[in-house]
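Reading the structure
Here is how the chains run, residue by residue.
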Amino acid sequence: MIIREPLRVIGGRTARLEPGPDGAVKLRPSDEPPGELYVGPGWADAHAHVYDGMTEIGVAADDVGLATGVHLLGDAGSAGAATLDGLVKYVIPAAGVRIRAWVNIGSYGLVHMRETADIRDIDVDATLAAIDRHRDVVCGVKVRSSGVIVGAMGLQPLQLGRLVAREAGLPLMVHIGEAPPLIEDVLDLLGDGDVVTHCYHGKTGHPWRADGRPSPALDRALDRGVRLDVGHGAASFAADVARRAIAAGFPPHSISTDVHVRNIRGPVHDLPTTMTKLLACGMPLDDVITAVTDAPRETLRAPEPWLTEDGVVRHATVFRLTGAPPPHRGYEDARGIALDPAAHIVPVATVSDGTVTAAGQA
C-alpha cells in the first residue's frame, strides 16, 4: 500500500511516509498542507481475549489486530498457570499482532467462566512458576473480582492474586462488576500501577458519584497510582457514567475493548469503535490516542518508541477522522443505549517492520 498525501502527526506537525534504506519506512517532515489522514504510534489494546480454540470466549488474534489498526494486544486472563504454556506455544507465534498476557489467578483461565469459585482451582506456587517461565510474555496478573465469578470465595481470589503479583513484581488487572465483594474492599487492596478494568460499568455499586467524581475508595486508589481501564465488554461500559467521569476530570488511563466472541459483532466490534465512543463521551482526540498508545504500552511492559531518532517508523497506525460512520456500524454502550458520534475514528493502514498494510474493520 502507498500513502501519497501529507499526514497530520499526532502532536501537531505534518510529515510524509517515504521509503528508507534497507526496506525501512521513514517519517519525513513536510511543509505541504496535510490531508485528512493522521499518523501516530501503533495502537495497543490492553484487555482482549485471544486464546482462540481453548477458552469459551477467545477470538482469533488477527481478527482484532493489525486489520483494525492494533499492533499490540494484552490477553487479559484467558490463560492461567495450567494453560499459559499453550498460549505461548501455539497462539502467540502464529499471530501477526504482538501479544502480552495477564495470567489469570485461576489455574485454568477462562476454560470456564467461574475460574476462581473453587479454591482448588487456584495454585499460587504454580502461577509464580508459570510467570517465571514466560517473563518475556507475562505483563501482570488478572483477577475477576465480582460475585457471579467468585461465588462464596469473596475477596480471597483477589488477595491471592495480589500475593502473586507482589511476589512477581508485576501489576494486577482487576475486573470489577456486581457485588459481592464490595467495590470499596476491592479498591482498598490495589496499589501503584494496578489496573481497574471495566472502570465505567453501570451496574449497582459502581465506584462513581452522580456528579462524575470518584467514590472515596476510588479517590484513595487513584491517589495511590491505580489506573483506570475501559474494558468495554458485553456488559461493562455505560456511556453516561463515562461521560460524567470524563467531564469531572477523570478520563481513563487506557481505552480497551475486552473483545471476545460474545461482543465482537456488537456492541464492541473492535478498538477503533471503542475509541470513537470515548471521543463521543468527551475525550479530546490526542488523549484518546495516548490512551491506546503510550499508556497501555507502559502497562503491558512494551514501551517501544514508535520512531527512531532518524525517523524510521517502528510501528504506526494511520487513521481517518470522519463524520461518516463505517458501513454497517452502529454505536451502542453495553446497555444498548445508542451513541451518535460527531466524528468517527477509522483505521486506514498500519506500518510495521517496514511494511505498510491496508487496514479494514474486523
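It should be noted that the structure appears before, not after, this text.
Below is a summary of the structure that appears in this document. Everything numeric in this text was worked out from a predicted model, so none of it was measured.

We now examine the overall build of the protein chain. Counting its secondary structure elements, the protein chain contains 10 helices and 14 strands. Overall, the protein chain is about 60 × 45 × 35 Å in size when its C-alpha atoms are taken along their principal axes. Per-residue burial over the protein chain gives 59% buried out of 362 residues. Surface accessibility of the protein chain: about 14,000 Å² in total, with carbon and sulfur atoms responsible for 51%. Where the 34 positive side-chain charges of the protein chain centre and where its 45 negative ones centre are 1 Å apart.

Turning our attention to the pairing of strand S2 (residues 14-19). Taken together, the 2 bridges between strand S1 (residues 7-9) and S2 define a ladder with antiparallel strand orientation. Along S2, the bridge assignment pairs Leu7 with Ala15. Connecting S1 to the next strand, S2, in antiparallel fashion are 4 residues, including Gly11 with a positive phi near 115 degrees. Pairing of S2 with strand S3 (residues 25-29), which is carried by 5 bridges, proceeds in the antiparallel orientation. Across the sheet, residue Arg16 finds its bridge partner in S3, namely Arg28. Here S2 folds back onto S3 in antiparallel fashion, the turn holding 5 residues, of which Asp22 has a positive phi close to 55 degrees.

Applying the stated criterion to the full structure yields 4 aromatic pairs. An angle of 40 degrees between the planes, with centres 5.6 Å apart, marks the rings of Tyr200 and Trp208 as tilted. The buried category is assigned to Trp208, whose relative accessible area is 8%. A network of ring pairs unites the aromatic residues Tyr38, Trp43 and Phe319 as a single cluster.

Time to look at the environment of Gly12. Mapped onto the secondary structure, Gly12 falls in the loop between S1 and S2. Exposure remark for Gly12: the relative accessible area of 64% places this residue in the exposed category. Sequence-wise, Gly12 and Thr308 are 296 residues apart; in three dimensions their C-alpha atoms are separated by 18 Å.

All right, on to the sheet that holds strand S5 (residues 43-48) then. Each strand in a sheet pairs with another by means of backbone hydrogen bonds, the pair being arranged parallel or else antiparallel. The strand order S5-S6-S7-S8-S9-S10-S11 describes an open sheet built from 7 strands, whose pairing is parallel. Here the strands that pair on one side only, and so sit at the sheet edges, are S5 and strand S11 (227-229). Between one strand axis and the next, the sheet turns through 25 degrees on average, direction left out of account.

For the rest of this paragraph, the subject is empty space enclosed by the protein. In this approach the atoms are scanned with a rolling probe the size of a water molecule, which exposes any empty space left behind. On inspection of all chains with the given rule, the structure shows 1 cavity of 30 Å³ or more. Counted as a void, the largest cavity has a volume near 40 Å³. Ala46, Met173, Val195, Arg227, Leu228, Asp229, His253, Ser254 and Thr299 are the residues that line the largest cavity.

The residue Asp286 is located in helix H9 (residues 285-290) in this model. Judged by its relative accessible area of 40%, Asp286 falls in the partly exposed class. Each C-alpha atom, one on Asp286 and one on Gly11, is 7.4 Å from the other, the two residues being 275 residues apart in sequence. In contact with Asp286, other than residues within four places in its own chain, are Ile10 and Gly11.

Reading across from one edge, S3-S2-S1-S4-S12-S13-S14 is the order of the 7 strands in this open sheet, with mixed pairing throughout. The open sheet terminates on both sides in strands that have one partner only, identified here as S3 and strand S14 (355-358). Adjacent strand axes in the sheet meet at a mean angle of 40 degrees, parallel and antiparallel pairs treated alike. Pairing analysis gives 2 bridges linking S1 to strand S4 (residues 37-41), with the strands arranged parallel. Considered in S4, the bridge of Val9 is made with Val39. Helix-sheet contacts for helix H8 (residues 271-280) involve strand S12 (315-322) and strand S13 (344-352), and the interaxial angle to S13 is about 135 degrees.

Turning our eyes to something else, we now look at unusual backbone geometry. The omega angle of the peptide bond from Ala179 to Pro180 is -5 degrees, so this bond is cis rather than trans. Following Gly266, the chain continues to Pro267 via a peptide bond in cis, the omega torsion being 10 degrees. Relative to the elements of secondary structure, Pro267 occurs in the loop between helix H7 (239-247) and H8. Of note, His198 is a non-glycine position whose phi angle comes to about 65 degrees, a positive value. Mapped onto the fold, His198 is located in the loop between strand S10 (195-197) and helix H6 (216-223). His198 sits in the buried class, given a relative accessible area of 1%.

Cut-offs and rules
- Residues numbered from 1 in each chain as written.
- Predicted model: local features only at pLDDT ≥ 70, side-chain atom pairs only at ≥ 80, totals over all residues.
- Heavy atoms only, no water.
- Helix = DSSP H or I, 4+ residues; strand = E, 2+ residues; numbered from the N terminus.
- Buried < 20%, exposed > 50% of the residue type's maximum accessible area, 1.4 Å probe, protein only.
- Areas by Shrake-Rupley, 256 points an atom, 1.4 Å probe, with all protein chains shown as cover.
- Lys, Arg positive; Asp, Glu negative; His and termini not counted.
- Charge placed at Lys NZ, Arg CZ, Asp CG, Glu CD.
- Pairing = 2+ DSSP bridges.
- Phe/Tyr/Trp six-rings, centres within 6.5 Å; stacked < 30°, edge-to-face > 60°.
- Axes fitted to C-alpha atoms, helices over the stretch in contact; angles between N-to-C directions.
- 1 Å grid on protein atoms, 1.4 Å probe; cavity = no way out; pocket = protein on both sides within 12 Å on 5 of 7 lines; lining within 4 Å.
- Points joined across faces, edges and corners; volume = space filled by probe spheres on them.
- Contact = heavy atoms within 4.5 Å.

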